[in-house]
Amino acid sequence: DYFAQEQYLVATGPGVIKADNSNAQETGKNLNRYSLRRRCYGLVENFQTLTYFLKSDWIVAKAGTHQMFLGYVPVLEDGQLGEPTRAYTGIVEAYLSKTPEGSLEIKDLKAQQGVVYEGQEIKFEGSEMLYNAEDSLVLVRGNESNPCFLNGTPVDGVEYNLITGKIKGKIIAPGMF
């Protein structure tokens, strides 16, 4: 549905968004790890509603009874697929900004109502996750209903630098690491 006066669109699901940028010409230097300007495949599944506010370039996706799935697979220089990254969450809010080439890129992202992130060597979960593309930092917090874990160990929070690969989290209780 398009609401002309308020300038927003609403898609009702369960919905799926697929991105095939496997043949994209990578533009610009220092693209962040999850840039859609990189050669990649992207997938968002199981949103119940997706609202796009045109004036502010703000997207809000909400899951229904099951969490949304977000997947990202890079395409390497030799054409082979890189390691996939998977995430599951209840709500995603993404703020977009225009690139120098005129396309839109995620500037900030907030995931809420439970977050699980699974990469090749890292898994974390919590109640919410914040991602800032400018400094390539992922911050994860927990609460009573969704405590924070890093590779199975309870932590006070997670700070994950996507450029350096460094992960910070203070252990708050015994567990496997």
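So, here's what we can say about the structure. (Residues numbered from 1 in each chain as written. Predicted model: local features only at pLDDT ≥ 70, side-chain atom pairs only at ≥ 80, totals over all residues. Heavy atoms only, no water.)

The subject of this paragraph is the overall build of the protein. Helix and strand counts for the protein come out as zero helices and 14 strands. Projected onto its principal axes, the C-alpha positions of the protein cover 55 × 40 × 25 Å. Once local pairs closer than 6 in sequence are excluded, the contacts in the protein between residues at least 24 apart make up 43%. When the accessible surface of the protein is summed, it comes to about 10,700 Å², and 52% of that surface belongs to carbon and sulfur atoms. Here the protein carries 17 positive and 22 negative side-chain charges, and the mean point of each set is 3 Å from the other. (Helix = DSSP H or I, 4+ residues; strand = E, 2+ residues; numbered from the N terminus. Contact = heavy atoms within 4.5 Å. Areas by Shrake-Rupley, 256 points an atom, 1.4 Å probe, with all protein chains shown as cover. Lys, Arg positive; Asp, Glu negative; His and termini not counted. Charge placed at Lys NZ, Arg CZ, Asp CG, Glu CD.)

In this section: the nonpolar core. Membership of the largest hydrophobic core comes to 24 residues, with the highest contact counts inside it found for L109, F124, M129, V138, V140, V158 and Y160. Elements represented by at least two residues in this core include exactly β3 (40–53), β4 (58–63), β6 (85–98), β7 (104–118), β9 (128–132), β10 (137–141) and β13 (158–161). Counting residues per element, this core draws most heavily on β7, at four residues. Leaving out residues up to four positions away in the same chain, L109 has contacts with V92, E93, A94, M129, L130 and Y131. (Core = buried A, V, L, I, M, F, W, Y, C linked by side-chain atoms within 4.5 Å. Buried < 20%, exposed > 50% of the residue type's maximum accessible area, 1.4 Å probe, protein only.)

This paragraph deals with the pairing of β3. Pairing analysis gives eleven bridges linking strand β2 (residues 8–20) to β3, with the strands arranged antiparallel. Paired with V16 across the two strands is E45, which belongs to β3. One ladder, built from six bridges, connects β3 with strand β5 (residues 68–74); its direction is antiparallel. Paired with C40 across the two strands is P74, which belongs to β5. Both β3 and β4 contribute to a ladder of six bridges, which runs antiparallel. (Pairing = 2+ DSSP bridges.)

Shape is all these values report; function is a separate question.
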